[in-house]
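Notes for the structure review
Here is how the chains run, residue by residue.
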Amino acid sequence: MALRLVMLGPPGAGKGTQARRLQEEYGSPQISTGDMLRDAVEADTELGRQAAHAMQNGGLVSDDVVIGIVAERLRELKRVKGDGGFILDGFPRTAAQAKALDTLLAGRGEQLDAVIAITVPRERLIERLAGRLVCRQCGAMYHKKFDPPPPDGRCGRCGGRLYQREDDREISVSHRLEVYARETAPLIDYYRQAGVLREVDGDGARDEVLGRIRTGLA
Ligand SMILES: [Zn+2]
């Protein structure tokens, strides 16, 4: 089954993890915007050069460029895989991008099968993100509560010192969640009105959440 999915979810909701699980299960490739932009820049396509220019100047890559890159990638996937399935992760971010995606798909005679919005209570997200620790030396990730480091508080792999990233401090996490909620509210509304939104409770073990997504897709 060629699934055409969009995955939405706040930082810490496990969106990327679930997208990979769905890729394994349904065979539709996960397309993350970050990877896609990096690939386009590396391949030095016209759109890649425009994206690189925006990023070098500290600006945001414009909607037109992002949509152009998504269109290129979807064309390429269809050429290679034929069935036209995909799992978009990190795109669209705005209602304008969502409309552009719909237009793009309509031009291919396709439409989205579903938009999975993973929801997790704010306190749980803060607990997940603000508990993360990273090894300075090898980059290994730990979690104060869910995946604690060895008792000496050093990295279990290399003995390096662990630290909390600036982004993962509670105040930064709160801010990231607020920005996400504000930016995606119109997007969620857009997909709800289109009748493709499937809200999935992301509070629980990975397999449980995957089961709920499967139910949502059935
Ligand atoms: Zn380490």
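This write-up is about the structure you can find in this document. (Residues numbered from 1 in each chain as written. Predicted model: local features only at pLDDT ≥ 70, side-chain atom pairs only at ≥ 80, totals over all residues. Heavy atoms only, no water.)

**Description of the coordination of the zinc ion**
In an ideal octahedron of six donors the angles at the metal are 90 or 180 degrees, and in an ideal tetrahedron of four donors they are 109.5 degrees. Stated precisely, the cut-off is as follows: Only nitrogen, oxygen and sulfur atoms qualify as donors, and only when within 2.8 Å of the metal (3.2 Å in the case of Na, K and Ca); with water excluded, sites may look incomplete. Only DSSP runs of H or I with at least four residues qualify as helices, and only runs of E with at least two residues qualify as strands; both kinds are numbered from the N terminus onward. Note on classification: 1.4 Å probe, protein chains only; a residue is buried when its accessible area is under 20% of the maximum for its type, exposed when over 50%, partly exposed between these limits.
Distances from the zinc ion to its protein donors, Cys135 (SG), Cys138 (SG), Cys155 (SG) and Cys158 (SG), fall within 2.3 Å. Donor residues binding the zinc ion come from one chain and are separated in sequence as C-x2-C-x16-C-x2-C. Residue Cys138 is located in the loop between strand 5 (132-135) and strand 6 (141-143), and its partner Cys155 is located in the loop between strand 6 and strand 7 (162-163); the two are separated by 17 residues in the primary sequence. Accessibility expressed as a relative area gives 5% for Cys155, which makes it buried.

**Regarding helix 3 (residues 46-56)**
Spelled out, the test is: To obtain the arc, one takes the directions from the helix axis to the C-beta atoms. Contacts: residue pairs with any heavy atoms within 4.5 Å of one another.
Among all positions in helix 3, only Leu47, Gly48, Ala51, Ala52 and Ala54 are buried. Seen along its axis, helix 3 keeps its buried residues to an arc of 160°; they face one direction. In this structure, helix 3 carries His53 and Gln56 as exposed residues pointing more than 90 degrees from its buried face. Residues of helix 3 that are buried make contact with helix 2 (33-43) and helix 4 (63-81). Phi for Gly58, located one or two positions after helix 3, is positive at around 70°.

**Looking at the side chain of Thr184**
Put simply, the rule is: Identification of polar contacts relies on pairs of N or O atoms within 3.5 Å, with a donor-acceptor requirement for protein atoms, meaning one able to donate a hydrogen and the other able to accept it, and with residues adjacent in sequence counted only if both atoms are side-chain atoms.
Mapped onto the elements, Thr184 comes out in helix 7 (residues 170-194). For Thr184, the side chain forms a polar contact with the main-chain oxygen of Tyr180, separated by 2.5 Å.

**Let's talk about helix 5 (residues 95-106)**
Heads up, the rule is: Under the convention used throughout, the expected extent of a helix is 1.5 Å for every residue step, that is, one less than its residue count.
The terminal C-alpha atoms of helix 5, which comprises 12 residues, lie 16 Å apart, in line with the 16 Å expected from a rise of 1.5 Å per residue. Along helix 5, the residues classified as buried are Ala95, Gln97, Ala98, Ala100, Leu101 and Leu105.

**Quick notes on the pattern of salt bridges**
It is possible for side chains of opposite charge to pair when their charged atoms get near one another. We count it as follows: One speaks of a salt bridge when a side-chain nitrogen belonging to Lys or Arg is within 4 Å of a carboxyl oxygen belonging to Asp or Glu.
Scanning the model with the defined rule gives 22 salt bridges in all. As a salt-bridge pair, Asp44 and Arg49 come within 3.3 Å of each other at their nearest N and O atoms. For Glu46, the salt bridge is made with Arg49, and the minimal N-O distance between the two is 3.4 Å. One end of the pair is Glu46 and the other is Arg49, both in helix 3 and three residues apart, which spans about a single turn.

**Focus: the packing of aromatic side chains**
We apply this condition: Note on aromatic pairs: the rings of Phe, Tyr and Trp (six-membered ring only in Trp) are paired at centre separations within 6.5 Å, and the planes decide the class, stacked below 30 degrees, edge-to-face beyond 60, tilted for the rest.
By the definition in use, this model includes one aromatic pair. Seen in terms of ring centroids, Tyr190 and Tyr191 are 5.4 Å apart; in terms of plane orientation they differ by 70°. Their pairing is edge-to-face.

**Details of unusual backbone geometry**
Along the chain, Phe91 connects to Pro92 via a cis peptide bond; the corresponding omega equals -5°. Relative to the helices and strands, Pro92 is located in the loop between strand 3 (86-89) and helix 5. Even without a glycine there, the phi angle at Asp44 is positive, about 60°. Within the fold, Asp44 resides in the loop between helix 2 and helix 3.

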